[in-house]
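Read off the chains here:
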Amino acid sequence: MPDALLSLQALNAHYGDFQALYGVNLKVEPGEVVAVIGANGAGKTTMLRSIAGLLRNAPEAIRWKGQAIGALRADQVAALGIALVPEGRLLFPSLSVEENLIIGGQLGRKGPWSLPRVYELFPILKERRHQQSTSLSGGQQQMVAIGRALMANPELVLMDEISLGLAPVIIRQIYEALPGIVGEGLTAMIVEQDIAKALSVSQRVYCLQEGRVSLEGQSQSVPREEITRAYFGV
Amino acid sequence: MTLIVTRRTRLSTAWLILLVPIVLLLIAAPWWAGRADLRLMGEIALYMSLAVLWNLLAGYAGLVSVGQQAYVGFGGYLFFALTMLAGLHPYAALPLVVLAGFVISAPVAVLIFRLRGAYFAIGTWVVAEVFRLSFAQVSALGGGSGTSLSPNIVRSLADGRDAREAVAWWLALGAVSLVIGAVVWLLRSRQGVALTAIRDNELAARSLGIDIWRTKFTVYVLVSGLTALIGALIFLQKLRISPDAAFSANDWTAFVIFIVVIGGIGTLEGPILGTLVFFALRETLADLGTVYLIALGIVAIVIMLFAPRGLWGFLRDRWGVELFPLSRRVSGLAKKEA
């Protein structure tokens, strides 16, 4: 069997004495959208940060096309083609919308994404391109964060709670843009608390509960009760 | 469709055009300024260089060093050693001082970059003290009491005192131009984009593929080499060097931090404006003795309270002005619709 694009093999993660992840196994195949759901504190963000190289305590457990990448620094992981849309967006506040996007492309990887393509995806950003990134609404800031990650022309994009703190209508708008993103052959891993949204855009779903994988299945066919049980642990 | 990335604004273009006659006027200073004024202007140029460099270090790369006097003193001493002991012409010694600054600061960076925050600041100070104590051991350079530049080296610069004063001024003017030019070049390069992103959010910058360590290392080494050059020029102007003067934390770091903080940290214009304000205060208040330092302290506190981003930050927030074309603006996108 060929190697998965990304695989986690018994991934553990610690913050000092506190263990946040216990032996997480997970696979992402090229071209698919994988959703990771779970309640607050289930370890979703920790998992993404480990993959992105922002937490480095599992050198062998994270594999990219079969190669162990857990010991790499965040910038080296990004250079492989793994982009993170971080929780809380983390834009560069002193820079304009456009400058934020340009910085996203600073690695110079080739691919379909460019400023005009990002503006096509999120036309509102084009109107606001000279504004300071932090003067935008939360939803627009989220679009900048997604666009910034796309500008890197990654093979895999990790999206951390892109619906967090946004109004339902904005969330719908952002999720409507997702097919246009993954349609470009991009692989995505979407971490969400919003179960319905996560299931609607993904092919496969993992549920994390207290640092462990409590469920794994096809997004369209997993019974809702099982998801509820895996999510809340009842 | 072609995208045109420009950083110019109408104001910054006007400023760059205005800069030409200003620079010409400054080059001609030996013909219109008195000897004392020329010395003062030279000192201003050298302080401005130190401030612009420290601002790059602290304001852009987040490396809050309180030990840059290490490189001022290193540059000064090395210049004296190269000219007096190795017999080099001063013009040959100056580029070597820059190179030596690069070379000596690289291992220092590897060492002190292991420290974070306040520990980093203390580490830089310790390094400066190590430099001071080391140079105080060199008896050929006068040991603890220092030495004077031999008259034949001073004479090799130019004939006659006025000509030498003019050369010293041109060297200082050249140095500040070089420093500002180097900083503009760096900030406009890919490294500069990376620096701005790091300053704003290190975590996001890292996950976008920016190598933080290498970026900071580049800045530290560049700043240290150029600081050594400024050190050489400072002591060429003073004609005398001693460990306490060369490695003075007060003269080469505390005043420089004051200049950058009141001018506006994290902007290129800030340290330039700050230097002018600092010298305006010094020249009007210096006769008051201790009161002068109290006044400086009050100015610093007032600015930190009411304009925490410094005078330039205050002006920029008000009117959005920028003299150096550093921010990127992209045009050409609108043409697609038209």
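Because the structure is a prediction, the values reported are computed rather than measured.

### Observations regarding the overall build of chain B
Right, on to step 1. When helices and strands are counted, chain B shows 17 helices and 4 strands.
Right, on to step 2. For chain B, the C-alpha radius of gyration of 21 Å lies close to 20 Å, the compact-globule estimate for 338 residues.
Right, on to step 3. For chain B, the C-alpha atoms occupy an extent of roughly 70 × 50 × 45 Å along the three principal directions.
Right, on to step 4. Partitioning the contacts of chain B with sequence separation of at least 6, the portion at a separation of at least 24 is 78%.
Right, on to step 5. Total accessible area on chain B is roughly 15,300 Å²; 67% of this is exposed by carbon and sulfur atoms.
Right, on to step 6. Taking the average location of the 27 positive side-chain charges in chain B and that of its 17 negative ones, the two points are 9 Å from each other.

### A word on helix α5 (residues 90-112) of chain B
Residues and elements named next belong to chain B.
Right, on to step 1. Given a rise of 1.5 Å per residue, 23 residues ought to cover 33 Å, and the 32 Å separating the end C-alpha atoms of α5 matches this to within 8%.
Right, on to step 2. For α5, the principal kink sits at Ser105 and spans about 25°; a proline, Pro107, occurs within the next four residues.
Right, on to step 3. Buried within α5 we find Pro90, Ala93, Leu94, Val97, Val98, Ala100, Gly101, Ser105, Ala106, Val108, Ala109 and Ile112.
Right, on to step 4. On the buried face of α5, the contacting elements are α4 (69-85), α6 (117-136), α7 (151-157), α8 (161-188) and α11 (212-238).

### Quick look at the sheet that holds strand β5 (residues 67-68) of chain A
Residues and elements named next belong to chain A.
Right, on to step 1. The strand order across the open sheet formed by 4 strands is β2-β1-β4-β5, and the pairing between neighbours is antiparallel. Among the strands making up the open sheet, the edge pair consists of β2 (18-28) and β5.
Right, on to step 2. Sheet topology note: the strand β4 (residues 62-64)/β5 ladder contains 2 bridges and is antiparallel. What sits directly across from Arg63, in β5, is Ala68.
Right, on to step 3. Lying on the sheet, helix α1 (residues 44-51) is in contact with β1 (6-15), β2 and β4; it crosses β1 at an angle near 110°.

### Overview of the interface of chain A and chain B
Right, on to step 1. With 29 residues of chain A in contact, the opposing surface of chain B contributes 26 residues.
Right, on to step 2. Summed over both sides, the interface of chain A with chain B buries roughly 2,500 Å², with 62% coming from carbon and sulfur.
Right, on to step 3. On the chain A side of the contact with chain B, A:Leu54, A:Phe92 and A:Gln106 bury the most area, a combined 22% of that side's loss.
Right, on to step 4. In this assembly, chain A and chain B are joined by 1 salt bridge.
Right, on to step 5. The residue A:Arg73 makes a salt bridge to B:Asp211 at a minimum N-O spacing of 3.1 Å.

### Let's talk about the pairing of β1(A)
Each regular strand shows side chains that alternate between the opposite faces of the sheet.
All names here are of chain A.
Right, on to step 1. Summarising the sheet, β1 and β2 pair through 7 bridges and their orientation is antiparallel. Note that in β2 the partner of Leu8 across the bridge is Leu26.
Right, on to step 2. Following β1, the chain reverses through 2 residues before pairing antiparallel with β2; Gly16 in that reversal takes a positive phi of roughly 60°.
Right, on to step 3. Here β1 pairs with β4 via 3 bridges, running antiparallel. Considered in β4, the bridge of Leu8 is made with Ile62.

### Focus: the confidence of the model for chain B
Residue and element names in this part refer to chain B.
Right, on to step 1. Counting all residues, the mean pLDDT for chain B is 88, and 93% of those residues have values of 70 or more.
Right, on to step 2. Contacts for the low-pLDDT stretch residues 328-338, under 50 throughout, to residues beyond four places or in other chains number 43 contacts.
Right, on to step 3. Reported for the predicted complex are a pTM of 0.81 and an ipTM of 0.85.

### Things to note about the packing of helix α6 (residues 138-150) of chain A against helix α7 (residues 168-182) of chain A
Residues and elements named next belong to chain A.
Right, on to step 1. In the contact formed by α6 and α7, the axes pass within 10 Å of each other and the chain directions differ by 15°. Judged by the inter-axis angle, α6 sits roughly parallel to α7. Remark: the crossing between α6 and α7 carries right-handed chirality. Along the contact surface, α6 presents Gly139, Gln142, Met143, Ile146 and Leu150, while α7 presents Ile170, Gln173, Ile174 and Ile181.
Right, on to step 2. Of the residues that constitute the contact of α6 with α7, the class distribution is 6 nonpolar, 3 polar and no charged.

### A look at unusual backbone geometry
Residues and elements named next belong to chain A.
Right, on to step 1. Within the chain, Lys65 stands out as a residue other than glycine whose phi angle is a positive 50°.
Right, on to step 2. Judged by its relative accessible area of 40%, Lys65 falls in the partly exposed class.
Right, on to step 3. For Asn153, which is not glycine, the phi dihedral falls at a positive 50°.
Right, on to step 4. Mapped onto the elements of the fold, Asn153 is located in the loop between α6 and β7 (156-160).

### As for the pattern of salt bridges
Opposite charge on two side chains permits pairing when their charged atoms draw close.
Right, on to step 1. Applying the stated criterion across every chain, the model contains 19 salt bridges over all chains.
Right, on to step 2. Residue A:Glu155 pairs with A:Lys65 through a salt bridge whose shortest N-O separation is 2.9 Å. In this pair, A:Glu155 is assigned in the loop between α6 and β7 and A:Lys65 in the loop between β4 and β5, connecting sequence segments 90 residues apart.
Right, on to step 3. B:Arg282 is the partner of B:Glu43 in a salt bridge, and the nearest nitrogen-oxygen pair spans 2.9 Å. Of the two residues, B:Glu43 is situated in helix α3 (residues 35-60) and B:Arg282 in helix α14 (residues 269-285); the sequence distance between them amounts to 239 residues.
Right, on to step 4. Each of the salt bridges in this network shares a partner with another, and the network as a whole consists of A:Glu32, A:Arg204 and A:Glu216.

### As for the packing of aromatic side chains
Residues and elements named next belong to chain B.
Right, on to step 1. Counted by the stated rule, this structure contains 21 aromatic pairs over all chains.
Right, on to step 2. Aromatic side chains Phe235 and Trp252 sit 6.1 Å apart centroid to centroid with 75° between the ring planes, which places their arrangement in the edge-to-face category. Placement of Phe235 in helix α11 and of Trp252 in helix α13 (residues 249-263) is noted, with a sequence separation of 17 residues between them. The pair formed by Phe235 and Trp252 is uniform in burial state, with each residue classed as buried.

### Some words on the sheet that holds strand β3 (residues 33-38) of chain A
Residues and elements named next belong to chain A.
Right, on to step 1. Strand order in the open sheet formed by 6 strands is β6-β7-β8-β3-β9-β10, with mixed pairing between adjacent strands. Of all strands in the sheet, those bounded by a partner on one side alone are β6 (82-85) and β10 (212-218). Geometrically, the sheet is characterised by an average inter-axis angle of 15° between neighbouring strands, direction not taken into account.
Right, on to step 2. For β6 and β7, the ladder comprises 4 bridges, and the chain directions are parallel. Bridge assignment links Leu84 to a residue of β7, and that residue is Leu158.
Right, on to step 3. Sheet strands touched by α6: β6 and β7. Its angle to β6, the strand with the most contacts, is close to 175°.
Right, on to step 4. Where α7 meets the sheet, its contacts fall on β3, β7 and β8 (187-192), and the angle it forms with β8 comes to roughly 155°.

### Describing a nonpolar patch on the surface
Right, on to step 1. Judged by side-chain polarity, B:Val20, B:Val23, B:Leu24, B:Ile27, B:Trp31 and B:Trp170 come together as a nonpolar surface patch covering roughly 620 Å² of accessible area.
Right, on to step 2. Broken down by element, the residue count for the nonpolar patch peaks at 4 residues, all from helix α1 (residues 10-27) of chain B.

Reading the values: the criteria
Here the residue numbering is sequential within each chain, running from 1 through the sequence in written order. The lettering of chains begins at A and the numbering of ligands begins at 1, in the order of writing. Note on the predicted model: pLDDT of at least 70 is required for a residue's local features to be given, and 80 or more for side-chain atom pairs to be given and counted; whole-chain, interface and lining totals, by contrast, use all residues. Only hydrogens and water are set aside; all other atoms, that is, all heavy atoms of the structure, feed into the side-chain values. Each helix is a run of DSSP H or I of at least 4 residues and each strand a run of E of at least 2, with the numbering of both proceeding from the N terminus. Only the C-alpha atoms count toward the radius of gyration. The rule for a globule is 2.2 Å times the residue count to the power 0.38. Whether two residues touch is decided by their heavy atoms; if any such pair falls within 4.5 Å, the residues are in contact. Here the Shrake-Rupley method, with its probe set to 1.4 Å, supplies the accessible areas, and only the displayed protein chains count as covering residues. Counted as positive: Lys and Arg. Counted as negative: Asp and Glu, with His and the chain ends omitted from the count. Charge positions are represented by NZ for Lys, CZ for Arg, CG for Asp and CD for Glu. Under the convention used throughout, the expected extent of a helix is 1.5 Å for every residue step, that is, one less than its residue count. At any given residue, the bend is defined as the angle formed between two axes, one fitted to the seven residues that end at that position and one fitted to the seven that begin there. Accessible area is worked out with a 1.4 Å probe on protein chains only. A residue is then buried under 20% of its type maximum, exposed over 50%, and partly exposed in between. When DSSP finds two or more bridges between two strands, those strands count as paired. Only the contacting stretch of a helix is used when fitting its axis, a line to C-alpha atoms as for every element, and angles between N-to-C directions run 0 to 180 degrees. Reported buried area values correspond to the accessible surface (1.4 Å probe) lost by two parts on association, with both partners' losses combined. The term salt bridge refers to a pairing of a side-chain nitrogen on Lys or Arg with a carboxyl oxygen on Asp or Glu at a separation within 4 Å. Known as pLDDT, the predictor's confidence for each residue is given on a scale from 0 to 100. Each angle is binned into one of four classes, with values under 35 degrees roughly parallel, values over 145 roughly antiparallel, values of 65 to 115 roughly perpendicular, and all other values oblique. By convention, the crossing between two helices is left-handed when the near helix turns anticlockwise from the far helix through less than a right angle, and right-handed when the turn is clockwise. Charged residues are taken to be Asp, Glu, Lys and Arg, nonpolar residues to be Ala, Val, Leu, Ile, Met, Phe, Trp, Tyr, Cys and Pro, and polar residues to be all remaining types, Gly included. Each Phe, Tyr or Trp ring (for Trp, its six-membered ring) is paired with any other whose centre lies within 6.5 Å, and the angle between the two planes then decides the class: stacked below 30 degrees, edge-to-face above 60, tilted in between. Grouping into patches uses exposed residues only, defined as over 30% relative accessible area, and leaves out salt-bridged ones; the cut-off is 9 Å for like charges and 5 Å for nonpolar side chains (Val, Leu, Ile, Met, Phe, Trp, Tyr).

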